[in-house]
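Listed below are the residues making up each chain.
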Amino acid sequence: MAERHENPYDMNSSSFDADKYLNKLLKSCNLKQIMDTEAIIVKDTQTLTSEMQTLVYENYNKFISATETIRKMKTDFLEMENEMKKLADNMKEITDSSDQITGTLQETRTELTKLTEKSALLKKLSGISSLPSKLTQLVNERNYIQAVQEYTRAKRVLELYGNQPSFKGIQEDCAVIMSNLQTILKEDFQRADKKTIHLTETGDLLLQLGESPSNLSKEMLQFATQRLHDELILLSDQTERDMIDFVDIGIEGFLNDLTLVTSSFYEMFVTKHFECEDDSFQELARSNLNEFVNKNMTAYLNLVQERVESETGDTQILLRALDRLHRRLCAMKNLGRGIEISRTGIDLIIHSVQQLCQTHYKILKDSFNDNLSSIRLTLVTSKNDGSLTELIDTLYVNTIEKVKGVLQDLLVFLNPEWSFNIKMDHKGISCIEGIRENLLVAFLRHISTVVTSFSDINSSCPANLLLVLSKLCLKLEKGGIRSLLNLVDELYEIDSENSSVLTHETELNSEILESAKTLLDAYVRVQGMNVSQMLRKSVETRDWINCLEPRSVRAVMKRVVDELTNIDGTLEELFESGQLNTTTSSDSSRKTHFSMSMQGKSQYRSTLSNFTSSQADNSLVHRLFSERVDIFNSSVDFSKVSIMSGIIRISLKTLLECVRLRTFSKYGLQQIQVDAHYLQLNLWRFVADENIIYILLDDILGSAVLRCLEKNPSGMLMEPNAVDLIVERF
Amino acid sequence: MESIIYGIEFQARSLVSQQDAEEIRFFIGTQMINGKNQIHLLEVDDDNNKLKTKTFSHEQGEIWKLTSCPTDKLLASVYSSNLVMKSAVLKIPENVFLDPSVETLDFEDVEVLDTEPHGTEIKTTEFHPTNTNVLATVIDSKVLIFNRAEAKSQVVAEITSKNSAKFAGGKWNNSNQFVVMHENGVKSYDTRESNHVAWEIPNAHIQPVRDLDVNPNKAFTIATVGDDCTLKIWDIRNNKTPVFSRRDHQHWIFSVSFNKFHDQLILTSGSDGKVLLTCAASCSSETNVSTMSRDMKEKDDDGDDDDIEEEFQLKTRKSQLKDGVLEKFEQHEDSVYCAEWCSADPWIFCSCSWDGRVVVSRIPKKYKYQILL
């Protein structure tokens, strides 16, 4: 558009330059075009001219009518001006009149106000003068609240006009009434049977009457303590009742009261601020309250604890009661800010858990002892060696199941139904761990101790009992302990693996294994002694000087072998046989042993042949070349062969000692030779290392030779073939 | 000092320490049926840690038991010869080491006691603890009390058991009581009033009793050992339960003996070839004040004692040896039938096994200091 404005060639533009346009036209167009343009312009000009004429005409008409209208308006405005002037005058008149009226009324109104005030004052005074009688009436009606309200209202007036004689009387009267009231209230406050809810009211009234908060608070606690104490005494007479009842009564009576006292005290003294008291008063009140609450709670909980301790009935009932108590105590925790109840029911529960653990521990011990005595009885009464395995299994299963049962029983404490969660408390955790430590672990240790005590010097118990117990320990070690510990860990979610305080499985296992070993040693000793006894008696009672030529093995040797076979049979079902060095117990191997031993004997012979000349030297040489064998050094392990070796070692050693204490004739010596050979043929199969037997038997024979009266005792020995024959024939 | 080992070429069952001597002397008797039996004298030269030995001939027979007189230089032997058992009192000559060239000596005087009319099986002849002239011989189920007169010893009293079982041995309890081993138990007879049993422990062991010893420093206390491998110490006023019992041997125990000076030390030996030194401080005469006070302390001690006192307690506790086996001596390879304390030196003892090995040992210094300090 701007361009167009500046375009001098645009006819419609204001900056149109006719000359330039013409020039341009002349320059740029041919004649025809110029002619055409001229025609167009002429035509346009004509059109425009006619249009302009029309417009001028029309507008002229309009202008004329407007001029007429203006003229008419001018006359109208003149009239209006006159009217307005009149109005202003009137208004002025009105204002004047109004001012006049106000001035007249002012005096009357002031008087009226004064009169009203006076009448109100008079009314009040008449109220005050009737106050004493009103108060008396209210007090008599026991409407203390109203009375106090009235009094408080009038109090200030009385204080104000108290110096005037007419009011003085009233004031004094009121004071007397109110002090009476105060006394009454105090009595109420102190009376025991008052419901605690009234206590708050009374307390409030007293405070309003100007009682000192500190005194009042002290009194309140003092009397509350007294009352609660009485209730506790009442409660302690109720211990005969069912646990739940007992707790309910406690909750209904004691705890409710305590709660009310506490909450009203809290409201009355702790949350309010008293101007007349120090800033520290609230703190003091709070601490007093705390002390009070805790003292009473402790007293109460102690009572409950005593009750729990005497509780012998159902755990469920006990728990339900404790749960109820715990709920109540938890609710009490929210009594008010700053009130701390240090002891809660959880302690009590934990205590009862511990107590229950103790009881169960005792039950376990008792039942274990019962089991033991019954097994002992079985072993003593039924002489047949019956099935020890059965006995062991029964004992084992009984023991394990009993423990499992107890562990399940105790699980009720962790029931999610209960409002308490023992595990929340660190004491509770240690208590749960106590189930593991003081119940299970302690019981396992108890087993270990009890069974070990059977191997004591002064205990005399059947050998088979030792065997049964040893096997029991072994079974426990082999998995029983682990399963029980796993069970308890699982049930109670104890992480024993990573705990430094909890007893580890391996520890228990090694202890019980130790017991098993001790018992086994005892078994070996007892059986060894039994066999020893037979051998000792047989050697001691025989006359070895005047005996006849041996025709047979002595019967006692057969009995010894029988006894050992018997023991071997018993052990067979309980223990693995262990390392037997002879896999083929055929006749041929026996022959070999026999010949071997014969060699051994011939070696002895060679030693003994020059016995008279240098017996000692040869004996020493013999000792030098035979490796020192400490027959008692190898410890017994849990295999049949090892146990048997132990027994046989002890027995043969006894035979050796007995032989050394006797003196033999030729035939006596030969009898020993026959007996030794018989033992040699019959004992090797029980042991792993028969060399021990050979060494001992050689020693026996050697000792017998030394104890022989003959001049050349080794020459007195029988021919091996003859010995063989006798033994074979036997 | 290391132990000294001495070898005898013959079997030996008896050993005794010479009681009436300043020197450390032991006598060992050999046991051979066919042969010349001997009694070996071992004297320990404490300074040089060497042995001086001498041999006495004892051709009367094989020796089963030797005892020594506490008040005189006398020995008593029990021996058998040709199946007859006898007992003799032997007088030890003075200056035995005077002539080193002489190997075999004889006893100055040998008196064979007249036991034949009374029985066959003699177990022991025991000298009276104070009276040199009184002897007690255990024979079969009797105890003969001899009085040594100028010429010949006479039987002055006789104790006979009502039971037919034979006694296994015996010892003087005090001047008037003689204790015998009787099967599984022990009995004490009053020698003034024959056949009066002063006291008895009927079933001291569950198997026969092999030896006993009387605590020289504490009245009413005796130790017994037996075939049940057990050592028991009894207060004879309570014959039901022993005050101390241990089972540390693996086979029969053949000898037991209290240390004369520190009677908490007990020596036992047995057929398992071991000699055990056991401490029984809890029932010894040296159960001293500190132990008692400590026990009292423990009772009323609540743990707020002074540190110093505690330290003191600790020290006394330390010095108190614990009950139990202190030391095992395993130098023997055969059964050890005798282990005897030296009468002259409380820290030396001697043991002898059947193969003739004699070992003179010393209490390890640590125990010695613990007891002395």
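Chain B is annotated in an unreviewed UniProt entry as EIPR1-like beta-propeller domain-containing protein of Chironomus riparius. Its UniProt record, at the heading Sequence similarities (unreviewed entry), says of chain B: "Belongs to the WD repeat EIPR1 family."

In the nomenclature of an unreviewed UniProt entry, chain A corresponds to Vacuolar protein sorting-associated protein 51 homolog from the organism Chironomus riparius. Looking at the Subcellular location (unreviewed entry) heading of the UniProt record, one finds this comment for chain A: "Golgi apparatus, trans-Golgi network". The annotation that UniProt attaches to chain A under Sequence similarities (unreviewed entry) is "Belongs to the VPS51 family."

Chemist: Honestly, the overall build of chain A in this entry has me stumped. Any pointers?
Modeler: When you go through chain A residue by residue, the secondary structure sums to 22 helices and zero strands. Looking at the 730 residues of chain A, the share that counts as buried comes to 43%. Pairs at least 24 apart in sequence give 80% of the contacts found in chain A among residues at least 6 apart. If you sum the accessible surface of chain A, you get close to 40400 Å²; carbon and sulfur atoms cover 53% of it.

Chemist: Explain the nonpolar core here, please?
Modeler: All names here are of chain A. Among the nonpolar cores identified, the biggest contains 180 residues, and L255, L325 and L564 are the most heavily contacted of them. Broken down by element, the residue count for this core peaks at 16 residues, all from helix α14 (residues 463–492). The residues contacting L564, other than those within four sequence positions of it, are V531, M644, I647, I648, L683 and F686.

Chemist: What's the story with the pairing of strand β2 (residues 12–17) of chain B in this structure? I'm lost.
Modeler: For a regular strand, the rule is simple: side chains alternate between the two faces of the sheet. Residues and elements named next belong to chain B. Among the six residues in β2, six count as buried, and that is most of the element. When β2 meets strand β3 (residues 24–30), the two strands line up antiparallel, connected through five bridges. Looking at β3, one finds that S14 is bridged to G29. Between the antiparallel neighbours β2 and β3 lie six residues.

Chemist: How should the interface of chain B and chain A be read in this particular structure?
Modeler: Counting residues at the interface gives 37 residues for chain B and 32 residues for chain A. When chain B packs against chain A, close to 3100 Å² is buried across both sides, 53% of that on carbon and sulfur atoms. Looking only at chain B, the three residues that lose the most surface to chain A are I33(B), N34(B) and R247(B), adding up to 19% of its buried area. The tally of links from chain B across to chain A stands at three salt bridges.

Chemist: Where do I start with the packing of aromatic side chains in this structure?
Modeler: How two aromatic rings sit relative to each other is given by the distance of their centres and the angle of their planes. Per the counting criterion, the structure on display carries eleven aromatic pairs over all chains. The interplanar angle of 45° and the centroid separation of 6.2 Å between the aromatic rings of F27(B) and F56(B) together place this pair among those described as tilted. Of the two residues, F27(B) sits in strand β3 while F56(B) sits in strand β5 (residues 50–57), which places them 29 residues apart along the sequence. Of the two residues, F27(B) and F56(B), both sit in the buried class. Ring-pair connections join several aromatic residues into one group, and the members of that group are F27(B), F56(B) and F107(B). Lying across the ring of F575(A), K471(A) places its NZ or CZ 5.1 Å from the centre. Above the plane of the ring of F97(B) lies K52(B), whose end atom (NZ or CZ) is 5.0 Å from the centre.

Chemist: I'm lost on the sheet that holds strand β22 (residues 244–246) of chain B in this one. Help?
Modeler: Each strand in a sheet pairs with its neighbour through backbone hydrogen bonds, running either in the same direction (parallel) or in the opposite one (antiparallel). Residues and elements named next belong to chain B. Across the sheet, which stays open at both edges, the four strands sit in the order β19-β20-β21-β22 with antiparallel pairing between neighbours. Since the sheet does not close on itself, it has two edges, and those belong to β19 (209–214) and β22, each with one partner. With direction set aside, neighbouring strand axes in the sheet form an average angle of 20°. Bridge analysis of β19 against strand β20 (residues 221–226) gives five bridges, and the strand direction is antiparallel. Its bridge partner being in β20, L212 is matched across the sheet by T224.

Cut-offs and rules
Residues numbered from 1 in each chain as written. Chains lettered and ligands numbered in written order. Predicted model: local features only at pLDDT ≥ 70, side-chain atom pairs only at ≥ 80, totals over all residues. Heavy atoms only, no water. UniProt positions renumbered as here; feature names shortened; annotations may be inferred. Helix = DSSP H or I, 4+ residues; strand = E, 2+ residues; numbered from the N terminus. Buried < 20%, exposed > 50% of the residue type's maximum accessible area, 1.4 Å probe, protein only. Contact = heavy atoms within 4.5 Å. Areas by Shrake-Rupley, 256 points an atom, 1.4 Å probe, with all protein chains shown as cover. Core = buried A, V, L, I, M, F, W, Y, C linked by side-chain atoms within 4.5 Å. Pairing = 2+ DSSP bridges. Buried area = accessible area lost by both parts, 1.4 Å probe. Salt bridge = Lys/Arg side-chain N within 4 Å of Asp/Glu carboxyl O. Phe/Tyr/Trp six-rings, centres within 6.5 Å; stacked < 30°, edge-to-face > 60°. Lys NZ or Arg CZ within 6 Å of the ring centre and 35° of its normal. Axes fitted to C-alpha atoms, helices over the stretch in contact; angles between N-to-C directions.

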